[in-house]
Amino acid sequence: MHRSLTSTTLAELRRPRPYPAVTVVLPTHRREPDNAQDPVRLRNLVAEAKERLRADPAVTAERAHDGSGHLDRALDEVDLVHAEDGLVLLAAPGEHQVWSLTRAVPARVVLADTFLTRNLVAAQAAERPYWVLTVSADRVTLWNGTPERVTEHQGDGFPLTRSLEDPDAQRKERIGDVPSTFRDEQTRTFLRDADHALANVLHADPRPLLVAGEAAALSLLGDVGTATHGATQIRHGGLAQGPAKAVHEAVGPALAERDRAEQDATLKELDSAQGRKQYAAGLDDVWQNVTAGRVGLLAVEDSYRATVRDHGGHLEPAETGDLDARDDIVDEIVERALESGAEVRFLPEDTLTDRGRISAALRY
């Protein structure tokens, strides 16, 4: 359940499916005693989804049976022992998927001709994924990073490995021609191959990049290629083999510094937009502008959630369970902003207290 939520993945999840595409969304809990009822709530939501499949006159008995089967298989794949903050089960004719999210979600069941993706979109934006490349003379590893963890990216040529044994070492020793590890041509070729593989990954899935390794390795990698130019360098050797926990700890200080710099820059951009009168603050004001496609930068507190009702194009506060209440309006705003090409930045709690917890710099 810890696969990477890439832009490519989200685009695939958005494509139309044969009706019914079922989305089951459940808030989950990491610790006792809150997590005790998660299994019961999940079974109840899946049962509700199955009942809606059976009761829907537009769903044939065969489709209902197929959908129920995929919901059961998705349920079997859920790992609530390692639950995070949200869970999304997706089932459509011939397929099912399970996603665990580090972002709170509202409980709901939706039948449509596409999966409900706004919670996934907001979760991806909030996770602010990054890449970590760990480099040594005989192994180059790529790690998929989020604020909470890194996991090894296996594919696209990674990890790259080679043997450091030189069959001609004895002759070179006799004539005094043994170059250092990071000066011989084999190492240059090896890191050049790594740079090429990395460039392909960054082209398909652009993210901030951190590169960790000994100083000599980082220097040579920059000399033989261009994919790591502009990356944050971390002079820390011995990480190419992992483990993931050590890699995550090594990049922690650099990520914290990046977050501080981004927060400062975001607040300055909002102040500048306010001075130009190209600014929106508060849920309803931002909603009006994001619906019109005017938002260029959206800033939102990471923990902010709100339940509202749309009253004639304006949002009014509502209680969960109210008729026509929308429990995930913040995630919907995030999704609309991203779809219109806006940049979305999540900030710590209380950062935007005087701006209604959500604000935007407008394009015009």
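Predicted model, so just to flag it, every value in this text is computed and none were measured. The residue count restarts for each chain, going from 1 along the sequence in the order it is written. At least 70 in pLDDT is required for a residue's local features to be given in this predicted model, at least 80 for side-chain atom pairs to be given and counted, and no such filter applies to totals for whole chains, interfaces and linings, which use all residues. The basis for every side-chain value is the complete set of heavy atoms in the structure, and neither hydrogens nor water enter the calculation.

## Quick notes on the sheet that holds strand S11 (residues 279-281)
Only when DSSP finds a minimum of two bridges between them are two strands counted as paired. For the purposes of this entry, the term helix denotes a DSSP run of H or I that reaches at least four residues, the term strand denotes a run of E that reaches at least two, and both are numbered from the N terminus. Across the sheet, 4 strands lie side by side as S11-S16-S12-S15; this open sheet has mixed pairing. Because the sheet does not close on itself, it has two edges, and the strands there are S11 and strand S15 (343-347). The average undirected angle you get between the axes of adjacent strands in this sheet is 15 degrees. In the packing of helix H8 (residues 244-275) onto the sheet, contacts are made with S11, strand S12 (295-301), S15 and strand S16 (358-362), and the angle to S15 comes to roughly 120 degrees. To get an axis, a line is fitted to the C-alpha atoms, and for a helix only the part in contact is used. The angle between two axes follows their N-to-C directions and goes from 0 to 180 degrees. Whether two residues touch is decided by their heavy atoms; if any such pair falls within 4.5 Å, the residues are in contact.

## Some points on the pairing of strand S13 (residues 308-311)
Along any regular strand, the residues point their side chains to alternate faces of the sheet. Where S13 lies against strand S14 (residues 314-317), 4 bridges are found, and the strand directions are antiparallel. Considered in S14, the bridge of Arg309 is made with Glu316.

## So, the packing of helix H2 (residues 38-55) against helix H3 (residues 61-77)
Between H2 and H3, whose axes approach to 9 Å, the crossing angle comes to 170 degrees. In terms of orientation, H2 lies roughly antiparallel with respect to H3. Here Leu42, Val46, Ala49, Lys50, Leu53 and Arg54 of H2 lie close against H3, whose contacting residues are Ala64, Gly67, Ser68, Leu71, Asp72 and Leu75. Grouping the amino acids of the contact of H2 with H3 by side-chain chemistry returns 7 nonpolar, 2 polar and 3 charged. Throughout this description, any angle smaller than 35 degrees is read as roughly parallel, any larger than 145 degrees as roughly antiparallel, any in the 65 to 115 degree range as roughly perpendicular, and the remainder as oblique. Side-chain classes follow a simple rule in which Ala, Val, Leu, Ile, Met, Phe, Trp, Tyr, Cys and Pro form the nonpolar group, Asp, Glu, Lys and Arg form the charged group, and the remainder, Gly included, forms the polar group.

## Considerations on unusual backbone geometry
The peptide bond linking Glu32 to Pro33 adopts the cis configuration, its omega dihedral lying at -5 degrees. Tracing the backbone through its elements, the reader meets Pro33 in the loop between strand S1 (21-27) and H2. The step from Phe158 to Pro159 runs through a cis peptide bond, and the omega angle for that step is 0 degrees. By the element assignment, Pro159 lies in the loop between strand S7 (150-152) and strand S8 (160-161). Phi at Lys277 takes a positive value of approximately 60 degrees, unusual for a residue other than glycine. Exposed residues in this analysis have more than 50% of their type's maximum accessible area, buried residues have under 20%, and partly exposed residues fall in between, with area computed by a 1.4 Å probe over protein chains only. A relative accessible area of 74% means that Lys277 is categorised as exposed.

## A short note on the packing of helix H4 (residues 118-127) against helix H10 (residues 329-339)
At a minimum axis distance of 8 Å, the contact between H4 and H10 shows a crossing angle of 75 degrees. When the axes of H4 and H10 are compared, the pair comes out roughly perpendicular. Here Arg118, Asn119, Val121, Ala122 and Ala125 of H4 come into contact with H10, specifically with Asp331, Glu332, Val334, Glu335 and Leu338. Looking at the contact of H4 with H10, its residues break down into 5 nonpolar, 1 polar and 4 charged.

## With respect to the sheet that holds strand S3 (residues 95-101)
As summarised here, the arrangement of the 4 strands in space is S3-S2-S1-S4, forming an open sheet in which the pairing is antiparallel. In this open sheet, the two edge strands, each paired with only one partner strand, are S3 and strand S4 (108-112). On average, adjacent strands in this sheet sit at an angle of 10 degrees to one another, irrespective of strand direction. Pairing geometry for S1 and strand S2 (residues 86-92), over 6 bridges, is antiparallel.

## Quick look at the nonpolar core
We call a set of buried residues a nonpolar core when its members are Ala, Val, Leu, Ile, Met, Phe, Trp, Tyr or Cys and they connect through side-chain atoms within 4.5 Å of each other. One finds Leu283, Leu298, Ile329, Ile333 and Ile358 to be the most contacted residues of the largest nonpolar core, which totals 26 residues. Where this core is concerned, the elements lending two or more residues are H4, helix H9 (283-291), S12, H10, S15 and S16. It is H10 that contributes the most residues to this core, 5 residues altogether. Beyond its immediate sequence surroundings of up to four residues, Ile333 is in contact with Leu283, Val286, Trp287, Val290, Leu298 and Ile358. Counting residues in hydrophobic clusters, the runner-up holds 25 residues, among them Phe158, Leu160, Ala217 and Leu218.

## Concerning H10
The buried fraction of H10 amounts to 8 of the 11 residues, a majority that puts the element mostly inside the structure. Buried within H10 we find Ile329, Val330, Asp331, Glu332, Ile333, Val334, Glu335 and Ala337. Note on H10: the residue one or two positions beyond its end, Gly341, has a positive phi of about 90 degrees.

## Brief notes about the confidence of the model for the chain
Residues with a pLDDT of 70 or more make up 95% of the chain, whose mean pLDDT is 91. pLDDT gives the predictor's per-residue confidence on a scale running from 0 to 100. A low-confidence stretch, residues 169-179 stays under pLDDT 50, and its non-local contacts, those more than four residues away or across chains, total 5 contacts.

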